[in-house]
Amino acid sequence: MNIKSVLKKEGITNIRPLDILTINKISKNISHKLYETFNEHNINESDLFISISRLQMYFAQMPEDASAAKYFYRNQSIYFNDKFSIDEIEEFAIHECIHYLQEIKDEKGNLLRLGLYDISEGTNKGIGLNEAAVQLMAATATGTEVDKVKYYDLFLVTESPEYYPLQCVLLKEMMYFTGNYPLYHSTLYSDDVFKNTFSSKFGKRAYYKIEKNVDELLTLEALLNTLTTEVKYATRTRKIKQTNQLIEQCKEKIANLFIETQDYIIELCFEYEFNEIRTMEDLKYFKSRIYNFKDIIGYTADYDFYNKYYIKKMEEFEIKKEYIKEHGAIKKNPISENLSLVETKKNKVSMFKRMLIKLGILVDMNEKKAEIDNEINK
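Residues numbered from 1 in each chain as written. Predicted model: local features only at pLDDT ≥ 70, side-chain atom pairs only at ≥ 80, totals over all residues. Heavy atoms only, no water.

Observations concerning the sheet that holds strand β5 (residues 103-105)
Taken together, three strands build an open sheet; the order of strands is β5-β6-β7 and the sheet is antiparallel. What marks the edges here is a single partner per strand, and that holds for β5 and β7 (117-118). Note that β5 and strand β6 (residues 111-114) share three bridges and pair antiparallel. Bridge pairing links glutamate 103 to leucine 114 in β6. (Pairing = 2+ DSSP bridges. Helix = DSSP H or I, 4+ residues; strand = E, 2+ residues; numbered from the N terminus.)

Spelled out as structure tokens, the structure:
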């Protein structure tokens, strides 16, 4: 299918080219921001400008559910939704320009890979993680501040409330355990540094499970957009009712899959870090790590997994702390079977939980929900 047919199929019409001066201005701003933000990745600002300025850029009419901009690798062109002005498109442009910098093609010009998105084996694995990675880099480069938002039934703190918010939150949770460098490197150079860094600690099976879930979230969100468009133009009462039911089911699936994936990351990664504890310094570091994680999680009104898991790990924390005090630094077998026995009397656990909440250690989800509602309604 030629590019004209592709554009027509996607509803991109009334295409008008941007002039050379505007393209150069956009290219200069983007290359400078990428260089300033990610210069540790051996980026050359001049080379970036030359490369980006060769792109063709257009304004065009796009469908209501389309993104603000879209990059087509076949003709190395970016199409901007013409409902936005020149001054508004830079954030969208930087996202699409990163896609352009990512692409790896074969000798025939067929696309093989975009960052974390590997197409070489005819699969679509990693598209969700890659879109989130590109969006996080674009938000970082443009200095976007984090925002508190409600996304369907989920409450999120994210620097990308409009684009891939669920994927961005989950990816930031993975980055919490790998650092920024591996992700940004793999996003720019389309290699496996991020995947290998995460997998070396938590296993490839875990990486692929998260990757699959993030891709599924993207699929469900696309379905939700389709259903929302359908109900908007439906005229028959029965059709409207059926579609609204499907919309609610889809929203529920999205929320459940997000929470399931997040909980998997929490337990998988903190169990690994806890088992790596050998010294008192390790204990202090772990305690701050698991506590600070509360600031990046997403949740629903009745979400309690993080709080329960925190209580569990703090009980095990005290046991390991006493063991290290008595026996010194741990060399092997961090905790014996005897040490892993924890009192499970309900009144003691309840008292422990009340104490943690009183001290501000646990997250009061109702308070956080109210806080975000206030922010949204301002």
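So, the packing of aromatic side chains
Tallying each qualifying case throughout the model produces 25 aromatic pairs. With centroids separated by 6.1 Å and ring planes inclined at 45°, the aromatic side chains of tyrosine 306 and tyrosine 310 adopt a geometry described as tilted. Taken together, the positions of tyrosine 306 and tyrosine 310, both in helix α12 (residues 305-327) and four residues apart, correspond to about one turn of that helix. Both residues of the pair, tyrosine 306 and tyrosine 310, belong to the buried class. Chaining the aromatic ring pairs together yields one cluster made of Tyr176, Phe177, Phe194, Phe198, Phe202, Tyr207, Tyr208, Phe270, Tyr272, Phe274, Phe286 and Phe293. Positioned above the aromatic ring of tyrosine 208 is the side chain of lysine 125, whose terminal nitrogen or guanidinium carbon lies 5.9 Å from the ring centre. (Phe/Tyr/Trp six-rings, centres within 6.5 Å; stacked < 30°, edge-to-face > 60°. Buried < 20%, exposed > 50% of the residue type's maximum accessible area, 1.4 Å probe, protein only. Lys NZ or Arg CZ within 6 Å of the ring centre and 35° of its normal.)

So, the environment of valine 169
Mapped onto the elements, valine 169 comes out in helix α6 (residues 165-178). When the C-alpha atoms of valine 169 and threonine 158 are compared, they prove to be 6.6 Å apart, with eleven residues separating the residues in sequence. Not counting residues up to four positions away in its chain, the partners in contact with valine 169 are Leu156, Val157, Thr158, Phe258, Ile296 and Gly298. (Contact = heavy atoms within 4.5 Å.)

Considerations on the side chain of serine 27
Of note, serine 27 is situated in helix α2 (residues 20-38). Ignoring sequence-local partners within four residues, the contact set of serine 27 consists of Phe49, Ile52, Ser53 and Met57.

What to know about the nonpolar core
In terms of nonpolar packing, the biggest core is built from 90 residues, with Phe80, Leu171, Met174 and Phe258 touching the most fellow members. The greatest single-element share of this core, amounting to twelve residues, is contributed by helix α10 (residues 237-275). Among all residues touching phenylalanine 80, those that are not within four sequence positions of it are Leu18, Met57, Tyr58, Phe59, Ala60, Met62, Ala68, Ala69, Ile89 and Ala93. Counting eight residues, the second-largest nonpolar core is a separate cluster that includes Val6, Leu7, Ala60 and Tyr79. (Core = buried A, V, L, I, M, F, W, Y, C linked by side-chain atoms within 4.5 Å.)

Here we look at the pairing of strand β4 (residues 77-81)
Taken across its five residues, β4 has five buried, putting it largely inside the fold. Sheet analysis places strand β2 (residues 56-61) next to β4, joined by five bridges and oriented parallel. From the neighbouring strand, tyrosine 58 faces β4, where its bridge partner is tyrosine 79. In terms of strand pairing, strand β3 (residues 69-72) meets β4 through four bridges, oriented antiparallel. Along β4, the bridge assignment pairs tyrosine 71 with isoleucine 78. Hairpin connection between β3 and β4: a loop of four residues separates the two successive antiparallel strands, and glutamine 76 in this loop has a positive phi of roughly 45°.

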